[in-house]
Amino acid sequence: MRKMAEQPQATWFGDWNRDPRGDVSRLLDNARGALAIVTVYNIPYRDCGLYSRGGAGGADNYRRWILEFARGIGGRPIAIVLEPDALPGADCLPARLRDERLVLIREAADVLKKAGAFVYLDAGHSQWKSAPDMATRLNQAGIQLANGFSLNVSNFQPIASVTTFGDQLSGLVRGKHYIIDTSRNGRGTGQSREWCNPRGQALGPVPNAATGNVLADAFLWVKVPGQSDGTCNGGPNAGKWWPEYALELARGAAK
């Protein structure tokens, strides 16, 4: 557990951050010049009302929140995973709100890049949407404004599967690079259906930039390992620390 705690992990920002400008500024102060990894998770109608439901109360509120967040960056080093699941999971929304979501993500990417951030739009994982489908969504959401895209956030797909998908997707979005969440994919067996606190999983490769793939910028622990996906398989509410699950992930990695 100590080894897990010693690894750099993303800090998640969302509707619980009522002062996004101050909160991100304090985070970057504490980082003391090191690159901070942050997940922005505040899109309206987040998670389509499932375990992680919430998000900003409408488009204008989201725009204001993003602007305040960007003002807290102050030119300091930060990499942002922008809105996990928002693009691959948009099918639950009516057409009007799907179009609005594309606009909001494109605007957010633009604002955050202009504030000096490295920005990665989330593209789900290798067992969710096809590469052509996901490429269409990324292009509509402004991937050209971002540094690249993120894969496998909060999921369990093995690196080989994710990199194959990532390389294919990169070729469809003008060679953009990607990052991979390896916080819980150490078992090397993907989960296509059971994504919420599946048992028998393990910590994956520790965060590092030595991916062995020129298109993969880094392996990162975007999902905080040990935090619950939701009230499923015996877990507490989404985002809550679950020590028994954390220990299970750590022990699985040791085998």
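Quick summary incoming for the structure in this document. This structure is a prediction, so every number in the text was calculated from the model and none was measured.

## Section: the sheet that holds strand β3 (residues 78-82)
The 7 strands are arranged β1-β2-β3-β4-β5-β6-β7 in an open sheet whose pairing can be described as parallel. Two strands in the sheet have a free side with no partner beyond their single neighbour: β1 (11-14) and β7 (216-220). For this sheet, the mean angle separating the axes of adjacent strands, direction not counted, is 25 degrees. In this structure, β1 lies alongside strand β2 (residues 36-41), joined through 4 bridges in parallel fashion. Bridge pairing in β2 links Gly14 to Tyr41.

## Considering the nonpolar core
Residues Phe69, Leu82, Leu112, Leu121 and Leu138 are the most contacted members of the largest nonpolar core, which totals 48 residues. Sequence-distant contacts of Phe69, that is, excluding residues within four places in its chain, are made with Phe13, Pro20, Arg21, Val24, Val38, Val40, Ile78, Ile80 and Leu112. Counting residues in hydrophobic clusters, the runner-up holds 13 residues, among them Ala79, Tyr120, Ala218 and Leu220.

## So, the packing of helix α3 (residues 59-71) against helix α4 (residues 95-114)
Any two packed helices are characterised by the angle at which their axes cross and by the distance between the axes. Relative to each other, α3 and α4 sit at 15 degrees, their axes nearing to 10 Å. By the angle class used here, α3 and α4 are roughly parallel. Where α3 crosses over α4, the two elements pack in a sense that is right-handed. Counting all contacts with α3, which are made through Ala59, Tyr62, Arg63, Ile66, Leu67, Phe69 and Ala70, the residues of α4 involved are Glu100, Val103, Leu104, Glu107, Ala108, Val111 and Leu112. Here the residues of the contact of α3 with α4 sort into 11 nonpolar, no polar and 3 charged.

## Notes on the packing of aromatic side chains
Tallied over the entire structure, the rule returns 5 aromatic pairs. With 5.3 Å between their ring centres and 85 degrees between their planes, Phe13 and Phe69 make a pair best called edge-to-face. Of this pair, Phe13 sits in strand β1 while Phe69 sits in helix α3; the two residues are 56 residues apart in sequence, bridging distant segments of the chain. The exposure class of Phe69 is buried, given its relative accessible area of 0%. Here Phe149 and Tyr178 contribute two aromatic rings whose centre-to-centre distance is 5.4 Å and whose plane-to-plane angle is 25 degrees, an arrangement assigned as stacked. Of this pair, Phe149 sits in strand β5 (residues 148-151) while Tyr178 sits in strand β6 (residues 177-181), and the two are 29 residues apart along the sequence. As far as burial versus exposure is concerned, Phe149 and Tyr178 are alike and both buried. Linked through ring pairs, Phe13, Trp65 and Phe69 together constitute an aromatic cluster.

Definitions and limits used
- Residues numbered from 1 in each chain as written.
- Predicted model: local features only at pLDDT ≥ 70, side-chain atom pairs only at ≥ 80, totals over all residues.
- Heavy atoms only, no water.
- Pairing = 2+ DSSP bridges.
- Helix = DSSP H or I, 4+ residues; strand = E, 2+ residues; numbered from the N terminus.
- Axes fitted to C-alpha atoms, helices over the stretch in contact; angles between N-to-C directions.
- Core = buried A, V, L, I, M, F, W, Y, C linked by side-chain atoms within 4.5 Å.
- Buried < 20%, exposed > 50% of the residue type's maximum accessible area, 1.4 Å probe, protein only.
- Contact = heavy atoms within 4.5 Å.
- Parallel < 35°, antiparallel > 145°, perpendicular 65-115°, else oblique.
- Left-handed = near helix turned anticlockwise from the far one by under 90°.
- Nonpolar A, V, L, I, M, F, W, Y, C, P; charged D, E, K, R; others polar.
- Phe/Tyr/Trp six-rings, centres within 6.5 Å; stacked < 30°, edge-to-face > 60°.

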